[in-house]
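# Per-entry structural report
Here are the chains, one letter per residue:
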Amino acid sequence: MVWRQTRQTRLAGETAEYLDAREELRRAEIELMRHREEVAARRRALPQGPLLDDYVFLEGPADLDAGDAPVEEVRLSELFSASDRPLIVYHLMFGRLQTEPCPMCTLWLDGFNGVAHHVTRNADLAVAAAAELPALRQHARDRGWHRLRLLSCGDSTFKYDLGSEDDEGWQDPTISVFTRDGDGAVRHRYSVHPRLAEDIDERGIDLYAPVWQILDLTPQGRGDWYPSLAYH
């Protein structure tokens, strides 16, 4: 391929050194984009996943401000609004040994809440936590998560079976995708965890939180910054 240098601005004073380096970066960004699209195509082309138990969750009123009762049981298969729509579930680190909500998970869900009304045009979306339902809903009220469907799954093996909880009860953030067959049976399609390898501890789901991508645009990058539940 013959590359033609493309200016990104009309600013005067950009040196030849800067323009050459910026052009090399642009080409690298194009290759990265194409590689991401190739990986996404492989993800979409995964073979059919295994059938799952029809796990039971606890759910309160859709309106967070309506209190926490009545509590209803809802099954995994009932989280699909249509048979041809996928279901995305975020596993929140909160509950069992994680007695406080995870700040990193909270960062992700702050973002998910902001775009949920766009996502749900194409897929169903829910948040599952091992925490008791009142504690989960209070945290959601504190954060203003009025667009997220909140589910407590502490009485089931859902998180353990999907790899977001270990034998002792420690939690891990995970994003899972499910599909439903024509007969109503649910299949696991895909899950992604932050730990992709022994040397990749927390970066596996970075792409799904824009905060990291925005910080990576800056000269100092993300550094060793870590989110908090509150900033003073």
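Nothing here was measured: the structure is a model prediction, and the numbers come from that model.

## As for helix α1 (residues 16-44)
Over its 29 residues, α1 runs 42 Å from end to end, which matches the ideal 42 Å to within 8%, given 1.5 Å per residue. For α1, the set of buried residues is Leu19, Glu23, Arg26 and Ala40.

## A short note on the packing of aromatic side chains
Pairs of aromatic rings are described using the distance from one ring centre to the other and the angle between the two planes. Within this structure, the stated rule accounts for 6 aromatic pairs. When the ring of Tyr55 is compared with that of Phe158, the centres are 5.3 Å apart and the planes differ by 75°; the resulting orientation is edge-to-face. Of this pair, Tyr55 sits in the loop between α1 and β1 (56-59) while Phe158 sits in helix α4 (residues 158-161), placing them 103 residues apart in sequence. Here Tyr55 falls in the buried class, since its relative accessible area comes to 8%. In this structure Phe158 comes out as buried when scored by relative accessible area, which is 0%. A centroid spacing of 6.4 Å and a plane angle of 40° characterise the contact between Tyr90 and Trp108, whose relative ring orientation is tilted. Taken together, the positions of Tyr90 in strand β3 (residues 87-92) and Trp108 in helix α2 (residues 103-119) put the pair 18 residues apart, joining distant regions of the chain. One aromatic cluster is present, formed by Tyr55, Phe57, Phe158 and Phe178 through successive ring pairs.

Calculation notes
- Residues numbered from 1 in each chain as written.
- Predicted model: local features only at pLDDT ≥ 70, side-chain atom pairs only at ≥ 80, totals over all residues.
- Heavy atoms only, no water.
- Helix = DSSP H or I, 4+ residues; strand = E, 2+ residues; numbered from the N terminus.
- Expected span 1.5 Å × (residues − 1).
- Buried < 20%, exposed > 50% of the residue type's maximum accessible area, 1.4 Å probe, protein only.
- Phe/Tyr/Trp six-rings, centres within 6.5 Å; stacked < 30°, edge-to-face > 60°.

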